[in-house]
Amino acid sequence: MVFRPAFVLLSLMTLAAQVGQLPLVPIILGGNERLAWDQAGNDDTGIGTLRYIVYVDGKAVDLTGESCSRSSSSAGFSCSAPLPPLTIGLHSLDIAAASRGSSLQTSRSNRLLVLAVRSTQVRSQPSPTAGVAATTILTSDRVRLTVTPIVTGLADAVDLAFLPDGRMVVAERDGLLRIVRNGRLVATPPSPTVDGGVERDRLLAVTVDANFDRSHFVYAIYTTTSAEGDPAFSLVRFRETGDTFADRLIIADDVPASPDGAAAALRFGPDGKLFAAFDNGGRPQLAADLSSYNGKVLRLNPDGTTPADQRGYLPLYSSAYRSPRGLAWHLPSRILWIISQETDGARLSAIASEGVPLRGIVRTALTLPAGMVPSGVAVYPSTGMAELFRGNILITSDQGRSLLRLQTDPLVPTRILATEQLLQDQIGGIRAPAVGPDGAIYLATESTIWRLSPAANDGPASIESPRRR
């Protein structure tokens, strides 16, 4: 699609004509448009000596890939070029021409308003495993596992979630959601950011609607800036369509975020409700404030309202958590495991739903080994990968550069039988774990997604049940 602004750009030594007025309604861009203009000139040689600068919100960007052809209009040539990268949101555009090899340029054209509803920047897909090798490890159960890179080229990955059809959604810290299909990043425009791509926005967590097949909703938590200029959380819903994300809807915002390492977590529960955890905003007293979302795990309907069966008709499910880093469900017990960083170290809590109206009750709370700074948690389901990981709690550590495996009692899922440190310093800091539809464990590091599974040449006899210790 060609997007032709209402201006004419004249030759280098002539001021750009101010044709038309600033549109009262911005032109909406979907991400695939080209910028087009008319250029005065008498011959191809003269046109070839010009370069073009577009001013995006006042910042100069050289246009690349431009092409010009003779036109029947009085201008002489019709020119066009791909739009420069635009983040989601409202932007102003002006164009000027300059001589190649010179800083001299025309005055800018008349200004246009454009509303980008999809990022115009499409990332190319690198080789999925270029320069990254698979690694084999041996567990305490004498089982050989292979950790294999399945895709590289991510930009600061922070969380993972799987769609029902096996596609993976990867959250990148700079605010983008990416799709991995069949082991490759999909080369389509990435998702919108929460506030037009402003640098302060950071993505912390992502989860997929329990009824995704019907709704195609994906939820995310960002950090942004409140109206007062303080760090704040936003809980946002997107609709996935064709490997992209659109129809952004803010479910909750202006939740104070800690100015020192904001942390939040997000997952759907087996009851189809949305569970969101926010840090204490740097103010421990907020955890006891029932009017605040801070320092708590919330239980919400998918539209952000409070479920009718919540105690006191408040979304509060569990508290108090200084810096929650992950939520994960053990099925079929419906125990919610919460990993958080507290002042005295990392804490793992098991929460059970009780009562009518409903509330979350702490069944057990464990302090993790000293120095274990958690970044995420997953619970392996009761099926898949033989007996090896069933019911195990998997805690990742970015700072500790490892995966902590906690073996649970099959009869008492809140009882920990043994612990084991895996992948210490072998694949770098691990940001998030997820269990895939194929039964493998997927781990996100800064730029790579890894797949952890039994070594290919191990027979069934080598896979043993976790032993009591």
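What you are looking at is a predicted structure, and each value in this text was computed from that prediction instead of being measured.

## Here we look at the overall build of the protein
At step 1: The helix and strand inventory of the protein stands at two helices and 35 strands.
At step 2: Look at the contacts in the protein between residues 6 or more apart in sequence, and 56% of them connect residues 24 or more apart.
At step 3: Entry remark: accessible area of the protein is about 20,100 Å², with carbon and sulfur atoms responsible for 51%.

## A short note on unusual backbone geometry
At step 1: With an omega dihedral of 5°, the bond running from Ser-319 to Ala-320 counts as a cis peptide bond.
At step 2: Structurally, Ala-320 can be placed in the loop between strand S24 (316-319) and strand S25 (324-330).
At step 3: For the bond running from Leu-331 to Pro-332, omega is 10°, close enough to zero to count as cis.
At step 4: Relative to the elements of secondary structure, Pro-332 occurs in the loop between S25 and strand S26 (335-342).
At step 5: Phi is positive for Tyr-313, close to 55°, though the residue is something other than glycine.
At step 6: The phi torsion at Leu-423 lies on the positive side, around 60°, for a residue other than glycine.
At step 7: In this fold, Leu-423 is placed in the loop between strand S32 (416-422) and strand S33 (432-435).

## A word on the nonpolar core
At step 1: Of all hydrophobic cores here, the largest spans 19 residues; its most connected members are Tyr-219, Ile-221, Phe-233, Leu-235, Leu-266, Leu-274 and Phe-278.
At step 2: Taken together, the elements giving at least two residues each to this core come down to strand S17 (202-208), strand S18 (217-225), strand S19 (231-241), strand S20 (244-256), strand S21 (264-268), strand S22 (274-278) and strand S23 (296-300).
At step 3: Grouped together as the second largest cluster of nonpolar side chains are 18 residues, Val-169, Leu-203, Tyr-222 and Phe-245 included.

## Details of the sheet that holds S17
At step 1: With antiparallel pairing, the four strands of this open sheet are ordered in space as S17-S18-S19-S20. Among the strands making up the open sheet, the edge pair consists of S17 and S20. Neighbouring strand axes in the sheet, compared pairwise and without regard to direction, differ in orientation by 20° on average.
At step 2: Bridge analysis of S19 against S20 gives eight bridges, and the strand direction is antiparallel.

## Looking at a negative patch on the surface
At step 1: Negative charge collects at one region of the surface, where Glu-228, Asp-230, Asp-253 and Asp-254 lie side by side.
At step 2: When you line up the elements, Asp-230 lands in the loop between S18 and S19.

## Description of the pairing of strand S35 (residues 449-454)
Side chains on a regular strand alternate between the two faces of the sheet.
At step 1: Bridging between strand S12 (residues 144-151) and S35 involves six bridges; their strand directions are antiparallel. Each bridged residue has a counterpart across the sheet, and for Thr-148 the counterpart in S35 is Arg-451.
At step 2: Between the end of strand S34 (residues 441-444) and the start of S35, which pair antiparallel, lie four residues.

## Side note on the sheet that holds S21
At step 1: Read from one edge to the other, the open sheet built from four strands follows the order S21-S22-S23-S24, with strand pairing classed as antiparallel. The sheet is open, and its two edges are formed by S21 and S24, each paired on a single side. Put simply, the sheet's adjacent strands are angled 15° from each other on average, direction ignored.
At step 2: Relative to S23, S22 is paired through five bridges, and the arrangement is antiparallel.

Reading guide: rules and limits
- Residues numbered from 1 in each chain as written.
- Predicted model: local features only at pLDDT ≥ 70, side-chain atom pairs only at ≥ 80, totals over all residues.
- Heavy atoms only, no water.
- Helix = DSSP H or I, 4+ residues; strand = E, 2+ residues; numbered from the N terminus.
- Contact = heavy atoms within 4.5 Å.
- Areas by Shrake-Rupley, 256 points an atom, 1.4 Å probe, with all protein chains shown as cover.
- Core = buried A, V, L, I, M, F, W, Y, C linked by side-chain atoms within 4.5 Å.
- Buried < 20%, exposed > 50% of the residue type's maximum accessible area, 1.4 Å probe, protein only.
- Pairing = 2+ DSSP bridges.
- Axes fitted to C-alpha atoms, helices over the stretch in contact; angles between N-to-C directions.
- Patch = residues over 30% accessible without salt bridge, like charges linked within 9 Å, V, L, I, M, F, W, Y side chains within 5 Å.
- Salt bridge = Lys/Arg side-chain N within 4 Å of Asp/Glu carboxyl O.
- Lys, Arg positive; Asp, Glu negative; His and termini not counted.
- Charge placed at Lys NZ, Arg CZ, Asp CG, Glu CD.

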